Amino acid sequence: MKVTVSELVERVKVNMEELTDVREVDISMEIGIDIEQYIQEKIPDALLAVWSTEPAASLPQVDCATSLQPQSRPDGSGRVILPDDVWRMVEFCIEGWRQPVTTFIDHSSPMYELQFNRYTRGGISSPVCVLSKDGGQKCLDYYSLPPHVELHRVKSARYVAYPDKNASSYEISPSLIPVVCYTCAALVYEILGRPEQAAAMLRCIVR
C-alpha cells in the first residue's frame, strides 16, 4: 500500500515519544534539533534495512523487461545494462529458457568461473545470471542460449529499486509499516547519540 512520508514521520514520532519525556523534548527544541528532518532523511535507510531480510514477494517490484536491450555474444551468452536504481534483482528470463533466474551471483561466486567454459556454464535448463558493473553502469551477464540463436529477447525482468529520497510516498507492505517505523526511530536515536533508546526501539519490532 502507498504510505505518505508525512504519515511515516508522524508514526515514527509517536514511537519516539514513548521513550521521551517532556524535559527531553524541551531540550531538543532549545538546541534546534529538527527531529522531523532526521526522520525523513532516515526513512529510505530504514526501508532498505527492513527489506534486506524480507522475501522478494513482500517488496515493491519494478518490471523492466521491455526497457532492457540484450547484447548477445557469439557463444550464446549475453549482457543487459540495468537501470541505475536497481537495488535487488528479483527475476530475469530470456526467451528460450525453461525457467527464470531468481538467484543471482557476482564475481566472487565459485560459479562465476564456470561460465567461461561451454560445458559448465548455465544453459536453457539451468541458466545463470551474474551481476556486475562496467564503467560505472550496473549490468547483468546471462548464460546462456545455444550459439546458433542470434536474436535474444528478454521475457521477464523484475527488480526492487532503491527508495527515492525525494519521494512523497512509498509502497510498503502493511505488515512492514510498523517495522519500518521502529527501525527508523532506532536510526534517528543513533544519530542523537542515544544507543539505549535505539536498542529499545528495535526490541519493539514484532514479526
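Below: a short report on this structure. Since we're looking at a predicted model, the values are computed, not measured. (Residues numbered from 1 in each chain as written. Predicted model: local features only at pLDDT ≥ 70, side-chain atom pairs only at ≥ 80, totals over all residues. Heavy atoms only, no water.)

To continue, consider the overall build of the protein. Scanning the protein from terminus to terminus reveals six helices and nine strands. Against the globule reference of 17 Å for 207 residues, the protein gives a C-alpha radius of gyration of 22 Å, more extended than a compact globule. Across its three principal axes, the protein shows a C-alpha extent of roughly 75 × 35 × 30 Å. Looking at the protein as a whole, 42% of its 207 residues are labelled buried. Pairs at least 24 residues apart make up 73% of the contacts formed inside the protein by residues separated by at least 6 positions. When the accessible surface of the protein is split by element, carbon and sulfur atoms take 51% of a total near 11600 Å². (Helix = DSSP H or I, 4+ residues; strand = E, 2+ residues; numbered from the N terminus. Rg over C-alpha atoms; globule rule 2.2 N^0.38 Å. Buried < 20%, exposed > 50% of the residue type's maximum accessible area, 1.4 Å probe, protein only. Contact = heavy atoms within 4.5 Å. Areas by Shrake-Rupley, 256 points an atom, 1.4 Å probe, with all protein chains shown as cover.)

Right, let's talk about the sheet that holds strand β2 (residues 62-63) for a bit. Within a sheet, each strand pairs with its neighbour through backbone hydrogen bonds, oriented either parallel or antiparallel. Pairing is antiparallel in the open sheet, where three strands are placed in the order β2-β8-β5. Each edge of the open sheet is held by one strand with a lone partner, namely β2 and β5 (86-94). As paired elements, β2 and strand β8 (residues 154-161) share two bridges and run antiparallel to each other. In the strand pairing of β8, Val-62 is matched with Tyr-159. (Pairing = 2+ DSSP bridges.)

What follows is about the nonpolar core. With 34 residues, the main nonpolar core has Leu-8, Ile-39, Ile-43, Tyr-170 and Ile-172 as its most contacted residues. Mapped onto this core, the elements with two or more residues apiece are α1 (5-17), α3 (35-51), α5 (177-191) and α6 (195-203). If you tally residues by element for this core, the top one is α5, at eleven residues. Those residues in contact with Ile-43, other than ones at most four positions away along the chain, are Val-5, Leu-8, Val-9, Tyr-170 and Cys-184. Core analysis: the second largest hydrophobic core is formed by 21 residues, Leu-68, Leu-140, Val-154 and Ala-157 among them. (Core = buried A, V, L, I, M, F, W, Y, C linked by side-chain atoms within 4.5 Å.)

With respect to the helices, strands and loops of the structure, Glu-91 is situated in strand β5. Given a relative accessible area of 16%, Glu-91 falls into the buried group. Linking Glu-91 and Cys-129, residues 38 residues apart in sequence, is a C-alpha distance of 9.8 Å. Polar side-chain contacts of Glu-91 include one of 2.7 Å to the side chain of Ser-156. A polar side-chain atom of Glu-91 sits 2.7 Å from a polar atom in the side chain of Arg-158. (Polar contact = N/O pair within 3.5 Å; in protein donor to acceptor, adjacent residues only side chain to side chain.)

Roughly 220 Å³ of volume is contained in the second largest pocket. Surrounding the second largest pocket, 13 residues form its lining, Pro-60, Ala-161, Tyr-162, Pro-163 and Asp-164 being those nearest its centre. Here the lining of the second largest pocket is built from residues that sort into eight nonpolar, one polar and four charged. (1 Å grid on protein atoms, 1.4 Å probe; cavity = no way out; pocket = protein on both sides within 12 Å on 5 of 7 lines; lining within 4 Å. Points joined across faces, edges and corners; volume = space filled by probe spheres on them. Nonpolar A, V, L, I, M, F, W, Y, C, P; charged D, E, K, R; others polar.)

Our next topic: the packing of α1 against α3. Packed helices, taken two at a time, are described by their axes: the angle between them and the distance between them. Their axes nearest at 10 Å, the elements α1 and α3 cross at an angle of 115°. Along this stretch, α1 crosses α3, giving a crossing that reads as right-handed. Facing Val-5, Leu-8, Val-9, Glu-10, Val-12, Lys-13 and Met-16 of α1, the residues of α3 in contact are Ile-35, Glu-36, Ile-39, Gln-40 and Ile-43. Broken down by class, the residue content of the contact of α1 with α3 amounts to eight nonpolar, one polar and three charged. (Axes fitted to C-alpha atoms, helices over the stretch in contact; angles between N-to-C directions. Left-handed = near helix turned anticlockwise from the far one by under 90°.)

These figures capture arrangement, not role.
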